[in-house]
Amino acid sequence: MTKDIYLEHGKKVAISCFSAFLCALSMNLFLIPAQVYASGINGAAQLAADLIYSGLHFRVSISLLILLLNLPIAFLGWYKVGKTFTFYSFVTVILTSLFLGVIPVSELSNDLLLNAIFGGIISAVGVGVALKFGISTGGLDIIAIYLTRKWRKSSTGRYFMTLNGIIILIAGFVYQWQYALYTLISRYVNSYVVDNIHTKYQKLTIIAVTEYADTMVDAIQTRFDRGATVTPSYGGYSKKKLFSIMIVVSHYELYEMEKLIKHIDPQAFINILETTKIVGVFHSEEEQRAVQAMKERKIQEKKKLPLSDQEYEKFKSLIDNHNYQIGYGPGYGHYSFSNEIKD
C-alpha cells in the first residue's frame, strides 16, 4: 500500500473516532438523562435498556447492547452491502460503545427541551462529518441500504423514518408521550443539522469541468462503474477548450468521487447539484460490483449476476470491446485502483 492509502485509512479512522465521541457525548450528557431517545440502533439500544430495567429491574449496559445489536447487522453489511462501508461503520460502532462506557452519564440541564435540542445537534455534527467523508455511523444505515436494494422503489429515507418511528411509538406507549414527542423534536433537529453538513438528497449530480475527459471517464468507470455524459465546453476565463462531465452518484459515493476527480485533475472545476429524481438506469452498489466482476473476468455466468438479460448482454459487449485498464494520466502519474480502499 502507498503512503496516500495509509493516510486515507488514518483519516477515516480519525473521523470515525470523532463521530463516535460526539454521538456518545450527546447520549450520556443530554439524551439518556432526559429519557430522550437517539436515532437508529443507538436509540433502539437505549429503549431496550429502559424496557429491561422497567420489567426486570436489572440495568443492562447501553454500550453493550449497541455492540450486540450491531453484530448481526455487520454480518449482513459485510456480505450484502460492502466490506469497506461495513468495516468503517463497525469501527465507529465499537468506538461509540467504548466512549459510552468511559464518559459518565451526567445531567447538565433538567430542561427536557434543551436536552432534546442539544443532544440532536451534537450527534448530528458527528453523523454529518462522518457522512461527508464517506463513513457511516453503522446500524440503521446498513439496514436501510440493504432494504433499498431489495425493494428498489422505496427510498433509504423512508426506512430511516419508519425504523425511527417505531422507537418513538414504543417509547410513547410504554412511557409518557412527552418523551416520545421530545424524541421527535430531537430527531427533527438532528436531521436538519445533518442535511446542512452533508446533504438530504440520496442522489447527487456532479458536473466536472476538465481538460482530461477520457482519462477521467475511464477512471470513473473503473472505480465506480458510473455512466458519464461528456459535453465539449469552452473556458470563458481561460479561453481553453474543455469538457464538462456529468455524473449522477449516491450521497455515499460523493467523497470518493470528489477525491478521484481531483486526483486526475487537481485544477478541475466541480459543481455538485442536488438531484430529486432520476429516470433511467442507475446501478446500485451491488450491481456495480457485478459489472466490476465482469470487467475483471471473475464472473462470466449470467445466473450469478444481479443483472437483467438486456443489461448483461450490453455490458458484456462493452467489456469485450473496451480496455478498462487506466494508464498514465496527463502529467499526474499512474493511478491504479488495485490497492484502493474498495470491496
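The preceding data block contains the structure.
This is a predicted model, so every value here is computed, not measured.

Enquirer: Got a minute to help me understand the overall build of the protein in this structure?
Expert: Assigned secondary structure in the protein consists of 12 helices and 4 strands. Counting over 343 residues, the protein shows a buried share of 47%. Once local pairs closer than 6 in sequence are excluded, the contacts in the protein between residues at least 24 apart make up 73%. On the protein, roughly 17,900 Å² of surface is accessible, and the fraction owed to carbon and sulfur atoms is 61%.

Enquirer: Before we go on, may I ask you to explain the pairing of strand β2 (residues 229-234) in this structure?
Expert: Side-chain positions along a regular strand alternate between the two faces of the sheet. In terms of strand pairing, β2 meets strand β3 (residues 241-250) through 6 bridges, oriented antiparallel. Opposite Tyr234, over in β3, you have Lys241 as the bridge partner. Between β2 and β3, which pair antiparallel in sequence order, lie 6 residues; one of them, Lys239, sits at a positive phi of approximately 65 degrees.

Enquirer: Can you help me understand the packing of helix α2 (residues 40-56) against helix α3 (residues 62-80) in this one?
Expert: Relative to each other, α2 and α3 sit at 125 degrees, their axes nearing to 9 Å. The orientation of α2 with respect to α3, classified from their angle, is oblique. α2 and α3 meet at a crossing whose hand is right-handed. Contact with α2, carried on its side by Ile41, Asn42, Ala44, Ala45, Gln46, Ala48 and Ala49, involves Ile62, Leu65, Ile66, Leu69, Asn70 and Ile73 of α3 and no other residues of that element. Looking at the contact of α2 with α3, its residues break down into 10 nonpolar, 3 polar and no charged.

Enquirer: Looking at this structure, I do not really get the side chain of Ser26. What am I missing?
Expert: Following the sequence through the fold, Ser26 ends up in helix α1 (residues 3-34). Polar side-chain contacts of Ser26 include one of 2.8 Å to the backbone oxygen of Cys23. Ignoring anything within four residues of it in the chain, the contact list for Ser26 reads Leu31, Gly119, Ile122 and Ser123.

What counts and how
- Residues numbered from 1 in each chain as written.
- Predicted model: local features only at pLDDT ≥ 70, side-chain atom pairs only at ≥ 80, totals over all residues.
- Heavy atoms only, no water.
- Helix = DSSP H or I, 4+ residues; strand = E, 2+ residues; numbered from the N terminus.
- Buried < 20%, exposed > 50% of the residue type's maximum accessible area, 1.4 Å probe, protein only.
- Contact = heavy atoms within 4.5 Å.
- Areas by Shrake-Rupley, 256 points an atom, 1.4 Å probe, with all protein chains shown as cover.
- Pairing = 2+ DSSP bridges.
- Axes fitted to C-alpha atoms, helices over the stretch in contact; angles between N-to-C directions.
- Parallel < 35°, antiparallel > 145°, perpendicular 65-115°, else oblique.
- Left-handed = near helix turned anticlockwise from the far one by under 90°.
- Nonpolar A, V, L, I, M, F, W, Y, C, P; charged D, E, K, R; others polar.
- Polar contact = N/O pair within 3.5 Å; in protein donor to acceptor, adjacent residues only side chain to side chain.

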